[in-house]
Amino acid sequence: MEHARHVFRIALVLLVVITAIFLGRGFLVPRSYGTFGPYRADNVAEQMKIRPPAHAGAASCAPCHKAKSEAHDAGGHKAVSCEVCHAPLLRHVTNGTVSGKMPVDRSFTLCARCHRRIQGRPDKFPQVILEQHVTSKLEGAVCLDCHDPHSPKP
Amino acid sequence: MDHAPRPLASTRSPSPPPEAPAAGAATPADPGRRDFLGAAFTIAGGAVVLLAGLDAAASGETHVPPPGGDAYNWEEHRWAYVIDTSKCIGCGSCVRGCKAENDVPDGFVRTWVERYIVGPGGSYVDSPKGGLDGFPPVPTAFTPTKSFFVPKMCNHCKETPCVQVCPVGASYRTKDGVVLVDGKSCIGCGYCVQACPYGSRFLNPATHTAEKCTWCYHRITKGLKPACVEVCPTGTRAFGDMMREDDPVRQTIDHERVSILQAHLLTEPQCFYLHLDMEVR
Amino acid sequence: MPEITGYAFPNDIHVHWSLMIVMYPYITGFVAGAFIVSALFHVFGREEFRPVARLAMATSLCFMAVATLPLNLHLGHPERSWLVMVTPNLSSAMAGFGMLYSTYLLILVLEVWFVWRQQIIESARRSRGWKRTFYAMLALGTYDTSPEAIAIDHRAATILAAIGLPGACMLHGYVGFIFGAIKANPWWSSPLMPVIFLLSAAVSGIALLTILYQVVAKLNRRVIEGRTVAALARWLWFFLILTVTLELLEIIMLAYEKSESWHIISQLLTTRLEFSFITIQMVVGSLIPFILLGVVVLMDRYLHDRVRNTLCIASSILLLLQVFSMRWNIVIGGQLLSKSFRGLRSPYSPEIFGREGILVAIALLIMPFVLLWLFNRVLPIFGDDKPHAAGGHEPPPVTAPVAGVHAG
C-alpha cells in the first residue's frame with residue numbers, strides 16, 4: 001500500500017468535494033420545497049393571489065347600471081355576460097369606485113362574431129347572412145339601428 | 001418512508017384535518033400492477049432521495065396546513081372541466097376573456113377554439129389566432145357535411161407528461177387537481193412545452209418561463225369560475241368540483257358518455273368532452 | 001411569423017429548441033465517441049489505438065468542458081440552472097443530466113489524472129516558481145513514480161475506463177432518451193432514439209479523431225501510423241452501418257406500420273427536410289462515406305498510405321456533417337410538425353447573431369479545440385505513448401525534488 005498513497009489522496013480530495021457539494025446543497029434548497037411534493041409549496045399560495053380576478057360576472061354591473069341590467073336579463077342576451085361585449089369589471093371599477101372607462105364596441109363586427117352565418121355554428125343558434133340581413137351599407141353600428149344590444153329582439 | 005415531513009416554516013394555526021369521506025370518494029380505486037409499480041418507484045426514489053440527502057423531495061404524509069390558509073382548503077376540492085362541443089358557436093369570447101384575465105402575451109393562447117369542417121371528400125381545420133377574433137367564412141375544396149367548433153385548453157392531466165419532465169419541479173399538480181407552473185423556479189428549458197401532447201404550453205417571451213392555463217387558480221380558490229367559463233355565452237364550458245356529489249359537472253362526467261383527447265396517451269385528462277368527433281385530436 | 005401548411009396548434013408554431021439544442025447533442029456526442037475510442041485501447045487493449053488513446057481522452061474532456069454551455073445559452077433563465085442540481089425532479093429525464101454529467105465528468109477527470117500523473121510529476125520536478133507549485137498541487141504532493149505506483153495508475157485508469165465506458169454510453173444514450181421519451185412527438189418518440197444517438201455519437205467521435213489524429217501528428221511532425229488510421233476507418237465503417245441502418249429502420253417501421261403519424265412525417269421528410277435529411281444525411285453524409293470507407297476497409301492492402309489517409313479524412317468530414325444533420329433533423333424537424341398531426345411549420349433558420357445564433361454555435365465548436373491546445377500546453381498529450389516508458393525520452397529531472405513538497 002506504500003505506493004498507493006496518491007490513490008488515497010485523490011480519494012480524500014473526492015470525499016471533501018462531494019461532502020462540500022451535499023452540504024452546500026442543503027443551504028440552496030428553497031424554503032418550502034418538498035413540503036407536499038417535489039415543488040416549492042409556497043408557490044401554491046402565490047398562485048392564489050397572482051393577480052386580482054378581473055372578471056366579476058354578469059351580476060356585478062347591476063348595482064350601478066340597474067336599468068341596463070334589468071333590460072339585459074329580460075332579453076335574448078341574458079346568457080351573454082356584460083363583460084363579453086364590454087370588458088372585465090377590473091378595467092372599469094376597482095374597490096367599488098369607477099377607475100377607468102368601460103369600452104363600448106358599437107361596430108357590427110361585435111355582433112358578427114357571434115351571429116354571422118359561418119361553417120361550424122350549430123344550426124339552432126340564431127345567425128344571419130350579413131349581406132342579406134342588412135340591406136343598407138354594412139358598416140359601423142348598423143345592427144344597432146334595429147337591435148338594442150342589451151335586448152336584441154327587434 | 002419513515003423520515004418525518006419537514007414542518008412548514010410559517011406559523012399558521014393548523015386547520016382541522018380534512019373530512020375523510022371526501023378524500024376517499026375522489027380517487028377511483030386502481031389496484032394491481034400500477035400501484036405496485038408506483039410503490040416500487042416510490043421506494044426506489046426514496047432510496048435515491050435518502051442517499052442524496054434530498055429529504056425534502058419526498059412527499060410524506062402532510063400534517064402541514066394547506067397553502068390557502070383558512071379561506072380555502074385544497075383537500076376539499078378536486079376540479080374538473082366539461083366541454084360540450086355541440087354548443088360552441090366559435091365566438092372566441094373565452095379566448096379574449098382568458099387573455100384579459102391572465103395577461104396572455106400576443107401570439108400565444110392558454111385556451112383556443114378550433115373549427116373542423118368535414119365532408120366525405122376531406123377535412124379542413126383552422127383556428128385563426130386561436131379564435132381570438134372569431135372565425136371568417138371559408139371556401140372549402142370539398143362539400144362539407146358537418147362542421148363544428150372545439151374549444152381546447154390545458155387538460156390538467158392526472159398523469160401529466162409535462163410535470164413528469166420538468167427538471168426542477170417548477171411544474172406540479174396541486175391536490176385539488178390543477179397543474180401549475182412556478183414562475184420563480186422555472187428555468188425556461190422548454191421541455192414541458194415539447195412534452196405536452198395537446199400544445200397547451202408555451203414559453204412567455206417576456207418572462208422566459210413556461211406558461212399555461214391554470215384554470216384561473218386565482219379565481220377558483222376564491223369561489224369564482226375560470227374566466228373562460230364565466231364569459232361563455234352558450235354554456236359550452238362548465239367547471240365543477242368532483243368532490244361535490246350534486247355538482248352538475250360531476251353529474252355529467254358520472255352519467256353521460258364523455259370522451260377525452262388523445263386517450264391512447266394515457267395522460268388521464270381532467271377536461272371531458274361531450275359530442276367529440278373522431279376528427280379531433 | 002412562420003408560415004403554416006395545414007393546421008398547427010396555435011402554440012405549436014414556435015421552434016423553442018433552437019440551434020443550441022442541436023449543438024448540445026452534437027457536442028456531447030464527441031464526448032462519448034472520443035471516450036469510446038480511448039476505451040478501445042484502455043479497456044479492450046486494442047494496441048492499434050495506442051497513438052490516439054490519450055488524444056481521445058483529452059478530446060473527450062475538452063468537449064465535456066463546453067457541453068453544458070449550449071444548454072445554458074438556450075435556457076430562458078440560465079441564472080437558475082443550478083436548480084437542476086439542487087432540486088432535481090427525479091421523474092424528469094432532464095434532471096438526470098445533472099447527475100449523469102457530474103458523475104461522468106468526475107470519472108473522466110480522475111482517469112485523466114491517473115493517465116497523466118507521471119507527466120505531472122515530471123513537470124513538477126522540472127519547473128520552478130509558481131509553475132512548480134501548480135504542478136505540485138496537481139500531483140497532490142506525492143511524487144511517487146516507482147514502477148509499483150505506475151502499475152497502480154494503469155490499473156486505476158483501466159478500471160475508470162471500464163466504469164467510464166458505460167458512463168459515456170449512458171450520458172449520450174440519455175441525450176437520445178430526452179427525445180425518445182417524449183410520447184407527444186411522433187418524430188421523436190421511439191425506443192430506438194437513444195441507440196441511434198449513441199451510435200451516431202460513436203461515429204462522430206471516431207470521425208473527429210481520425211481527422212484530429214492526422215492533423216495533430218502532422219503539426220507535431222510525427223509519423224501517422226497506418227494501422228491506426230486503418231483501424232479507425234474500420235470502426236468508423238462499422239458504426240456508420242449500424243447508425244444508418246437504425247435511422248432508416250425507424251422510418252421504415254413508421255411507414256410500414258402506417259402509424260397514425262406517418263401521414264405527417266412523410267410530408268415532413270419530403271417537403272421540410274428534403275434537403276437536410278435525404279440529400280445531406282442520407283446521400284452525402286451516409287452513402288458516400290459508406291463507399292469511401294468501404295474502399296479503405298476492403299482494399300486496404302492495395303492503397304497507398306496517402307490515399308488511405310486522404311480517403312479517411314474526406315469520409316470523416318462527411319460523417320461529421322452527417323451527424324450534425326441528423327441532430328438537426330431530429331431536434332428541429334420534430335418541432336416543424338405540429339402535435340395536431342395536421343400541419344407543418346415553415347422551415348426554421350437560426351439567427352446569425354444573438355445568444356442562440358450561428359456565430360455562437362461556431363464559437364462553441366472552436367472552443368474545445370482551444371481547450372485541447374491549452375491542455376496540451378499544460379499536460380503534453382504526446383509526451384508518452386510507449387508503455388511503461390517512465391519518462392524514457394523525457395529529459396531527466398533538472399532539479400531534485402524539494403523535500404517540503406515531496407511527501408513520498
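### Concerning the sheet that holds strand β1 (residues 79-84) of chain B
Residue and element names in this part refer to chain B. Pairing is mixed across the open sheet formed by 3 strands, whose spatial order is β9-β1-β10. Edge strands, defined here as strands with exactly one partner in the open sheet, are β9 (237-241) and β10 (271-274). Sheet twist, expressed as the mean angle between neighbouring strand axes with direction ignored, is 25°. In the packing of helix α8 (residues 248-255) onto the sheet, contacts are made with β1, β9 and β10, and the angle to β1 comes to roughly 70°.

### Side note on the interface of chain C and chain A
Counting residues at the interface gives 22 residues for chain C, matched by 16 residues for chain A. Carbon and sulfur atoms make up 73% of the surface buried where chain C meets chain A, a total of about 1600 Å² over both sides. For the chain C face of the interface with chain A, the top three residues by lost area are Val86(C), Thr87(C) and Leu140(C), together amounting to 30%. Counting across the chain C and chain A interface gives 0 salt bridges. Among the secondary structure elements, those contributing two or more residues to the side of chain C that touches chain A are α3 (83-86), α4 (93-126) and α6 (147-180) of chain C.

### A closer look at the confidence of the model for chain C
All names here are of chain C. Taken residue by residue, chain C gives an average pLDDT of 90. The fraction at 70 or more is 93%. Contacts of residues 385-408 to residues separated by more than four positions or lying in other chains number 38 contacts, the stretch itself having pLDDT below 50. Listed scores for the predicted complex are pTM 0.88 and ipTM 0.90.

### Points about the side chain of Arg80(C)
Considering the arrangement of structural elements, one finds Arg80(C) in the loop between α2 (50-74) and α3. On the basis of relative accessibility, which here comes to 17%, the residue Arg80(C) falls in the buried class. In terms of polar contacts, Arg80(C) uses its side chain to reach the backbone carbonyl oxygen of Gly183(B), at 3.0 Å.

### A closer look at the interface of chain A and chain B
Tallying the contact residues gives 44 residues for chain A and 67 residues for chain B. Counting each side, the surface lost to burial between chain A and chain B is near 4300 Å², with a carbon and sulfur contribution of 58%. If you sort the residues of chain A by the area they bury against chain B, Phe36(A), Met48(A) and Gln119(A) come out on top, with a joint share of 17%. Viewed at the interface, chain B and chain A are joined by 2 salt bridges. If you look at where chain A meets chain B, you find 14 residue pairs in polar contact (both at pLDDT 80 or more). Listed by contribution, the elements that provide at least two residues to the side of chain A that touches chain B are α1 (5-28), α2 (42-48) and α5 (108-115) of chain A. Per-element tally for the side of chain A that touches chain B: the top contributor is α2(A), with 7 residues. Looking at the side of chain A that touches chain B residue by residue, the class counts come to 23 nonpolar, 11 polar and 10 charged.

### Topic: a nonpolar patch on the surface
Residues and elements named next belong to chain C. Together, Ile352, Phe353, Ile358, Leu359, Ile362, Ile366, Val370, Trp373 and Leu374 make up a nonpolar patch on the protein surface, roughly 870 Å² of accessible area in all. Structurally, the position occupied by isoleucine 366 is in helix α13 (residues 358-378). Residue class for isoleucine 366 comes out partly exposed when judged on its relative accessible area of 46%.

### So, the environment of Ser204(C)
Residue and element names in this part refer to chain C. Residue position: serine 204 is located in helix α7 (residues 192-219). By relative accessible area, which is 0% here, serine 204 ends up buried. Each C-alpha atom of the pair serine 204 and isoleucine 21 lies 17 Å from the other, and the pair is 183 residues apart in sequence. Every residue in contact with serine 204, bar those within four places of it in the chain, is listed here: Gly29, Phe30, Leu320 and Val323. At 3.0 Å, the side chain of serine 204 and the backbone oxygen of alanine 201 are in polar contact.

### Here we look at the domain arrangement of chain C
Where interface size is given, it is often the accessible area lost as the parts come together that is meant. Residue and element names in this part refer to chain C. Taken as a whole, chain C is organised into domain 1 (16-181 + 351-383) and domain 2 (202-348). One C-alpha centre belongs to domain 1, the other to domain 2, and the line joining them spans 24 Å. If you look at the interface, domain 1 gives 31 residues, while domain 2 gives 28 residues. Ranking the residues of domain 1 by area buried against domain 2 places Val22, Tyr26 and Phe382 at the top, with a combined share of 24%. Seen at the junction of domain 1 and domain 2, the total is 0 salt bridges. Summed over the shared surface of domain 1 and domain 2, the result is 7 residue pairs in polar contact (both at pLDDT 80 or more). Elements supplying a minimum of two residues to the side of domain 1 that touches domain 2: α1 (19-42), α2, α6 and α13. Broken down by element, the side of domain 1 that touches domain 2 gets its largest block of residues, 13 residues, from α1. Among the residues forming the side of domain 1 that touches domain 2, the class breakdown is 22 nonpolar, 6 polar and 3 charged.

### Some points on the pattern of salt bridges
Applying the stated criterion across every chain, the model contains 28 salt bridges over all chains. A salt bridge links Glu75(B) to Lys175(B); the shortest N-O distance between them is 3.8 Å. Within this pair, whereas Glu75(B) is found in the loop between α2 (33-52) and β1, its partner Lys175(B) is found in the loop between β5 (171-173) and β6 (179-181), the two being separated by 100 residues in sequence. Judged by relative accessible area, which is 32%, Lys175(B) ranks as partly exposed. Residue Glu245(B) pairs with Arg250(B) through a salt bridge whose shortest N-O separation is 3.6 Å. Given the relative accessible area of 60%, Glu245(B) is considered exposed. On the basis of relative accessible area, Arg250(B) is assigned to the buried category, the value being 13%. Here the residues in one salt-bridge network are Arg40(A), Glu46(A), Asp182(B) and Lys184(B), joined through shared partners.

### Overview of the sheet that holds strand β2 (residues 111-119) of chain B
The strands that make up a sheet are held in pairs by hydrogen bonds between backbone atoms, and each pair lies either parallel or antiparallel. Residues and elements named next belong to chain B. Pairing within the open sheet is antiparallel, and its 3 strands lie in the order β3-β2-β4. Looking at strand neighbours, the two that pair on one side only are β3 (122-126) and β4 (146-153), the edges of this open sheet. The mean angle between the axes of side-by-side strands here comes to 20°, regardless of whether they run parallel or antiparallel. Of the strand pairs in this sheet, β2 and β4 are connected by 8 bridges, and their pairing is antiparallel. From the neighbouring strand, glutamate 114 faces β4, where its bridge partner is valine 150.

### Examining the packing of α1(C) against helix α11 (residues 305-331) of chain C
Residue and element names in this part refer to chain C. α11 packs onto α1 with a crossing angle of 135° between their chain directions and a minimal axis gap of 9 Å. The angle between α1 and α11 falls in the class oblique. Along this stretch, α1 crosses α11, giving a crossing that reads as right-handed. Where α1 abuts α11, its residues Leu19, Ile21, Val22, Met23, Pro25, Tyr26, Gly29 and Phe30 lie against Leu320, Val323, Phe324, Arg327, Trp328 and Val331. Classifying every residue of the contact of α1 with α11 by side-chain character gives 12 nonpolar, 1 polar and 1 charged.

### Let's talk about the packing of aromatic side chains
Within this structure, the stated rule accounts for 30 aromatic pairs over all chains. A centroid spacing of 6.0 Å and a plane angle of 65° characterise the contact between Tyr81(B) and Phe239(B), whose relative ring orientation is edge-to-face. A residue pair is termed long-range when its members are at least 10 positions apart, and Tyr81(B) in strand β1 and Phe239(B) in strand β9 qualify at 158 residues. Residue classification places Tyr81(B) among the buried positions, given a relative accessible area of 0%. Taking the centre distance of 4.8 Å and the plane angle of 55° together, the rings of Phe135(B) and Phe149(B) count as tilted. Highlighted residues: Phe135(B) in the loop between β3 and β4 and Phe149(B) in strand β4, separated in sequence by 14 residues. Pair check on accessibility: Phe135(B) and Phe149(B) agree, each one buried. One aromatic cluster is present, built from ring pairs that chain together Tyr191(B), Trp17(C), Phe179(C), Trp188(C) and Phe197(C). Sitting over the ring of Phe341(C), Arg281(B) keeps its end group 3.5 Å from the ring centre. For Arg54(C), the ring lying beneath its charged end belongs to Trp116(C), and the centroid distance is 4.7 Å.

What counts and how
- Residue positions are given per chain, counting from 1 as you read along its sequence in written order.
- Going through the entries in the order they are written, you letter the chains from A and number the ligands from 1.
- Confidence filtering applies because this is a predicted model: local features only for residues at pLDDT of at least 70, side-chain atom pairs given and counted only at 80 or more, and all residues used for totals across whole chains, interfaces and linings.
- Side-chain figures throughout are based on the complete set of non-hydrogen atoms in the structure, without hydrogens or water.
- One requirement defines pairing of two strands: DSSP has to find at least two bridges between them.
- The helix count covers DSSP runs of H or I at least four residues long, the strand count covers runs of E at least two residues long, and both are numbered beginning at the N terminus.
- Whenever a helix is involved, its axis is fitted only over the stretch in contact; in every case the axis is a line through C-alpha atoms, and angles between N-to-C directions fall within 0 to 180 degrees.
- Whether two residues touch is decided by their heavy atoms; if any such pair falls within 4.5 Å, the residues are in contact.
- Two parts placed together each lose some accessible area under a 1.4 Å probe, and adding up what both lose gives the buried area.
- Think of a salt bridge as a Lys or Arg side-chain nitrogen and an Asp or Glu carboxyl oxygen that are within 4 Å of each other.
- Every residue carries a pLDDT, the predictor's confidence in it, which falls somewhere between 0 and 100.
- Accessibility here uses a 1.4 Å probe with only protein chains present; expressed as a share of the type maximum, an area under 20% marks a residue as buried, one over 50% as exposed, and anything in between as partly exposed.
- Throughout this description, a polar contact denotes any pair of N or O atoms lying within 3.5 Å of each other; where both atoms belong to protein, one of them has to be capable of donating a hydrogen while the other can accept it, and for residues adjacent in sequence the pair is counted only when both atoms sit in side chains.
- Residues were grouped as follows: Ala, Val, Leu, Ile, Met, Phe, Trp, Tyr, Cys and Pro as nonpolar; Asp, Glu, Lys and Arg as charged; and all remaining residues, including Gly, as polar.
- Only residues whose relative accessible area exceeds 30% and that form no salt bridge enter a patch; like-charged residues are grouped when within 9 Å of one another, and nonpolar side chains (Val, Leu, Ile, Met, Phe, Trp, Tyr) when within 5 Å.
- Using a 1.4 Å probe, accessible areas were evaluated by the Shrake-Rupley method; residue-level cover was limited to the displayed protein chains.
- These domain boundaries are the output of an automatic or database domain assignment.
- Should an angle lie under 35 degrees it is considered roughly parallel, over 145 roughly antiparallel, and from 65 to 115 roughly perpendicular; all remaining angles are considered oblique.
- The hand of a helix crossing depends on one turn: near helix anticlockwise from the far one by less than a right angle means left-handed, and clockwise means right-handed.
- Planes of paired rings set the category: under 30 degrees apart is stacked, over 60 is edge-to-face and the rest tilted, where pairs are Phe, Tyr or Trp rings (Trp by its six-membered ring) whose centres lie within 6.5 Å.
- Note on criteria: charge over ring means Lys NZ or Arg CZ within 6 Å of the ring centre, with the direction from the centre no more than 35 degrees off the ring normal.

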